[in-house]
Amino acid sequence: MLEIVNVSRRFGDFQALNEVSLQVQAGEFFTLLGPSGCGKTTLLRSIAGFDTPDSGDILLDGKSLLALPPEKRPVHTVFQSYALFPHMTVADNIAFPLRMSGVGKAEIERRVADVLEDVRLPDKAKHFPEELSGGQRQRIAIARALVNRPRLLLLDEPLSALDAKLREQMQIELINLQKEVGITFVYVTHDQGEALALSHRIAVMNKGEVSQIDEPSLLYSSPKNRFVADFIGQCNLLDGKVVSCDGATTRITIDGLGELAVQSNPNIPFNVGDDCALTLRPEKIRLAKSVAPESDEVHFPGTVHDMLYLGDVTVYIIEVKRDGHPVLIEALLANSAPGRARLLDTGDAVEICWPRDAGHLVR
């Protein structure tokens, strides 16, 4: 439905977008994810028509949008700031784009009522924005964007101004709303958890380029490079060198850990002597004062270097020393007891292990 073809955009010496290409399917919840300055908002603004690429093309249903001004594109944008008119009622705010398009009064009333049902606020039509909560104002902003049924809805960090609990509730609302209305969403965020929760597919952006496009579960379990592995969730990145490659198994050496046999990455070929990194999620690691390793597990003794209590889990930083080279490895333990249950303390001797196929090799 939406195709971005080799789009580039430069601001002075800053390359905001560099030959970006991607495709978004009809009815998809597609997210542009990345740190500040990665180009995601510039790309969104280019789709909306608020910014013009230096080169490349943006196609909707096979037709270029570049010659169309923003108001002529079948695209609407929801901003972080809501951008509601404070002197207008909710109904008038939602009706505004319809009035600008010359839609008749009876049709406006019908469509405003319909979209208020969609966002589950049918009783707020006569209220003013200042009488609504932050989450309700955001839903009204979305209702206004949806009222004339655009082909594409663009959302620029729409939940970032909300507190954590309300943001979680709004994530569920957005998922349900997108399913109900069936409109394609392109969503911009820097929040990895939000992107993983909401999206059918995610494009991870870095320095004006797309690092990887995939389903959330594949981005998390099979990152294509160090940046994606490090940016999506918590991850141990253990730098090493390839010692040998033998089909399904690659042997690598890591300073401080020695030589390890790990599962080969079929999508990234390695040669002997190549630099590599073993990506290892903290939840894959077993940790205790004493661990009986299974036959196909990597096993190391270590010491609790630091810890961070997070309520449901405690993050432990384990120092492993071999040949005088300390390596810090992050592991998680669930807190099953109420209160600040310390299963381990700083300085405790521990053992850690993980399955050989738990790690994922990247360049």
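None of the values given here were measured: they were computed from a predicted structure.

Chemist: What is the right way to read the overall build of the protein from this model?
Modeler: Helix and strand content of the protein: 8 helices and 20 strands. The burial tally for the protein puts 47% of its 363 residues in the buried class. Long-range pairs, those at least 24 residues apart, make up 65% of the contacts in the protein between residues at least 6 apart in sequence. Looking at the protein as shown, the accessible area adds up to about 17300 Å², and 49% of this sits on carbon and sulfur atoms. Taking the 38 positively charged and 49 negatively charged side chains of the protein as two groups, their mean positions are separated by 5 Å.

Chemist: I would appreciate a short explanation of the pairing of strand 17 (residues 313–322) in the present structure.
Modeler: Consecutive side chains along a regular strand alternate between the two faces of the sheet. Bridge count between strand 16 (residues 297–309) and strand 17: 6 bridges; the pairing is antiparallel. Pairing of Thr303 across the sheet is with Glu319, part of strand 17. Hairpin connection of strand 16 to strand 17: 3 residues between the antiparallel strands, including Gly311 at a positive phi of 95°. Taken together, the 10 bridges between strand 17 and strand 18 (residues 325–334) define a ladder with antiparallel strand orientation. Each residue of the ladder has a partner; that of Arg322, found in strand 18, is His325.

Chemist: Honestly, helix 3 (residues 105–118) in this entry has me stumped. Any pointers?
Modeler: Owing to its 3.6 residues per turn, the α-helix aligns residues three or four sequence positions apart on the same side. For helix 3, with 14 residues, the first-to-last C-alpha span of 20 Å sits near the 20 Å given by 1.5 Å per residue. Taken together, the buried positions of helix 3 are Ile108, Val112, Val115, Leu116 and Asp118. Buried residues of helix 3, viewed axially, fall in a sector of 145°; they line one side. In this structure, helix 3 carries Ala106 and Glu117 as exposed residues pointing more than 90 degrees from its buried face. In this structure, the buried residues of helix 3 make contact with helix 2 (90–100), helix 4 (134–146) and helix 5 (164–181). Backbone geometry just after helix 3 places Arg120 at a positive phi near 60°.

Chemist: What should I look at first to understand the packing of aromatic side chains in this one?
Modeler: In this description, an aromatic ring pair is defined by two values, namely the gap between the centres and the angle between the planes. In the structure shown here, the tally under the stated rule is 6 aromatic pairs. Here Phe227 and Phe231 contribute two aromatic rings whose centre-to-centre distance is 5.5 Å and whose plane-to-plane angle is 10°, an arrangement assigned as stacked. Placement of the pair is Phe227 and Phe231 together in helix 8 (residues 226–231), with a separation of 4 residues, close to one helical turn. Judged by its relative accessible area of 13%, Phe231 falls in the buried class. We note Arg281 situated over the ring of Tyr220; from NZ or CZ to the ring centre the distance is 4.0 Å. Above the ring of Phe270, the side-chain terminus of Arg363 is found at 4.6 Å from the ring centroid.

Chemist: Explain unusual backbone geometry here, please?
Modeler: For Asn6, which is not a glycine, the phi torsion comes out positive at approximately 50°. The phi torsion at Arg149 lies on the positive side, around 45°, for a residue other than glycine. In this structure, Arg149 sits in the loop between helix 4 and strand 7 (152–156). Arg149 gets classed as partly exposed once you look at its relative accessible area, which sits at 44%.

What counts as what
- Residues numbered from 1 in each chain as written.
- Predicted model: local features only at pLDDT ≥ 70, side-chain atom pairs only at ≥ 80, totals over all residues.
- Heavy atoms only, no water.
- Helix = DSSP H or I, 4+ residues; strand = E, 2+ residues; numbered from the N terminus.
- Buried < 20%, exposed > 50% of the residue type's maximum accessible area, 1.4 Å probe, protein only.
- Contact = heavy atoms within 4.5 Å.
- Areas by Shrake-Rupley, 256 points an atom, 1.4 Å probe, with all protein chains shown as cover.
- Lys, Arg positive; Asp, Glu negative; His and termini not counted.
- Charge placed at Lys NZ, Arg CZ, Asp CG, Glu CD.
- Pairing = 2+ DSSP bridges.
- Expected span 1.5 Å × (residues − 1).
- Arc of directions from axis to C-beta.
- Phe/Tyr/Trp six-rings, centres within 6.5 Å; stacked < 30°, edge-to-face > 60°.
- Lys NZ or Arg CZ within 6 Å of the ring centre and 35° of its normal.

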